[in-house]
Amino acid sequence: MEKFSSSKYLRALFIFLLPGLILLAYPVDGLDYDLWWHLAHGQYYVTHHTLKMDLSIFSWTPTDPAWIYNTCLGSIAVYLFYHAGGGFGLWLFQWLIFGGVFLSFYLFLRLINQRLDINNVTIIAAIAIACSQSCRFYKPEIFSVLLFSWSVYIFFYIKITHRKYLFYLYPLIFAFWVNLHGLFLVGLVFLAMAFAGEILNRIFFSRESLTTEALIHFGIAIVLSGLATLLNPYGMDYLHSLFPSIKNTFSLQNYSTGSSEKLVLAYTSLWPYLKNMGLDFFHISIVPWIMSLMIVSVLGLSIYEFIKKKSFDFTLLIISMALYWKGMETVRMSHFFPLTFFFVFFYLLTHRLKTKNITGNAAIFSLLIFVFFFVSLSYYYRTCRGDSQWFGQGLDDFVPVEEVAFLKQSKLPGPIFNDYLIGGYLIWKLYPDYKVFIDSRNGPYLKEVSPAYFDLISKPVVTGEQIRRFRTKYPFNIAVIHYMQLPLIFSFLGDGHEWRLLYFGKNAVVLVHQSLFPLVSWEEVNAQLSPVRFKNVSNPDILVNVFNFYVRLNPNAGRYIHDIFKHNVSDNYNQKHKLLIVMDEQIRLKQESIR
């Protein structure tokens, strides 16, 4: 067994396959539209040579002038990578971050005299998969992944080496972090929890705790780190605006800032997914399972240490339990515990328990786990995701490119109504020609527009009268709506003759109010709505959305999209046969309804 685990060829193979496995777990996910308004912010900062901006300039609806959002350096970085390399540039940016996280792992293994073997590679792979739901997107938030990893590394480095003056690296980190993304708050909370844990260690298990002098330096460094966050373009006003988030972070309540965010995936709880054992297990349910196994292992090792050595590290338990619970409560926070687990787990094994010779005993198990990850993810993305892409390719497939181009070409007078999801892309592509109704920044709209919007779309059926009252309050002439709000689209179209379809593409529709009808050349419009436009589309999600819209307008056009789906979508897609049957049934029902 020892010979097997120490094979340099097997070790080299695992190290070589690790990036491939991580790549597999991180396909392009174009449904996070936050990317686009971050690009707009970054472009504004660069072109105007500033680090501050009026966040209301992209919106025509009432906004909260007191709302502040500061990712100036982060948004600039994302914009520059996109400007230089498009989608591939964003992928490169993401993998540079991943490389920085891996470096912190590797240096820690060197610190504790461990090598990058089969077991350690498998643990890193598990961590990468556990982080995949909150780290796959291309936006400034991913900087928090890097800086948090290094913050944890520095803390454990000091615990092992007792180089207390390294605590003063933290203020430098937070001076940058505060201008990259708002999750620097989690970093501060981590330091506060670690400090509290070390005080308990000093009281109850002083032999293996930080010294009193080191604790004093640690406390001073935390205070200086807090002060360093004042080094942002808005100063104390920015920190004051984050107070609700600080309170929620400490109390471990839902991290959202409003009830509307319960409808957003980033704020979904992972607890229910522990019960999901279907094929989707390999997409999201595997994340809470990995996290739960991690926390069980930390608890088990801590209890074992207490029984065997009559010693205990409060810090490890406090930070592990708090970050695990918060990660399970909110998808957006789910990466902090897996990142911390790497350092906690190996610190417990090697420094607290002095465990040796685990390589040979665990090698076969690690091999099976690694193969399981590789096979299951390969199977899932081959059969369940239809048309997944990697390396930053295909971002434009998920956004209303043609719809926005048509709207800009038409030059119809606004303002526009749009749904929450695509608002970010409209900011990126339409400003300054058009301003948005709402977007996924959400913060500027929390006092008025956001509650009104979510109240409208949450109704089981939106009536024409409700749309008219809504338009009286917010007088828009154009509506750009994603297919995810298909019932709302047909509520508009079903409102007598007040709204008409101007254009629709792969992701959204453009509707116009009757006040603009005289400005539209309807013959030209109708000529551009043929289903032939989609003959080369192979993404099943796009084709299903387009079909669901077409079949309600014209069953023959729906049949054409059905045939495209049948021909273009891979037979490996496990939902293909089922969806074709559903399409046939919808076509039949529509044909019967118009006879």
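Residues numbered from 1 in each chain as written. Predicted model: local features only at pLDDT ≥ 70, side-chain atom pairs only at ≥ 80, totals over all residues. Heavy atoms only, no water.

1. A few points about the packing of helix H9 (residues 184-204) against helix H14 (residues 314-329)
In the contact formed by H9 and H14, the axes pass within 7 Å of each other and the chain directions differ by 145 degrees. Relative to H14, H9 is oriented so that their crossing is right-handed. Where H9 approaches H14, its residues Val186, Phe190, Met193, Ala194, Gly197, Glu198, Leu200, Asn201 and Phe204 are matched on the opposing element by Phe314, Thr315, Ile318, Ile319, Ala322 and Leu323. (Axes fitted to C-alpha atoms, helices over the stretch in contact; angles between N-to-C directions. Helix = DSSP H or I, 4+ residues; strand = E, 2+ residues; numbered from the N terminus. Left-handed = near helix turned anticlockwise from the far one by under 90°. Contact = heavy atoms within 4.5 Å.)

2. A short note on a nonpolar patch on the surface
Together, Ile216, Ile220, Val223, Leu224, Leu227, Leu230 and Met236 give the surface a local cluster of nonpolar side chains, amounting to about 610 Å² of exposed area. When residues in the nonpolar patch are grouped by element, the largest group, 5 residues, is from helix H10 (residues 212-228). For Leu227, the position within the fold is in helix H10. Overall, Leu227 belongs to the partly exposed group, its relative accessible area being 48%. (Patch = residues over 30% accessible without salt bridge, like charges linked within 9 Å, V, L, I, M, F, W, Y side chains within 5 Å. Areas by Shrake-Rupley, 256 points an atom, 1.4 Å probe, with all protein chains shown as cover. Salt bridge = Lys/Arg side-chain N within 4 Å of Asp/Glu carboxyl O. Buried < 20%, exposed > 50% of the residue type's maximum accessible area, 1.4 Å probe, protein only.)

3. Overview of the sheet that holds strand E2 (residues 478-482)
Pairing is mixed across the open sheet formed by 4 strands, whose spatial order is E1-E2-E4-E3. Each having just a single partner strand, strand E1 (416-418) and strand E3 (499-504) make up the two edges of the open sheet. Taking each pair of neighbouring strands and ignoring which way they run, the sheet shows an average axis angle of 25 degrees. Note that E1 and E2 share 3 bridges and pair parallel. What sits directly across from Ile416, in E2, is Ile478. (Pairing = 2+ DSSP bridges.)

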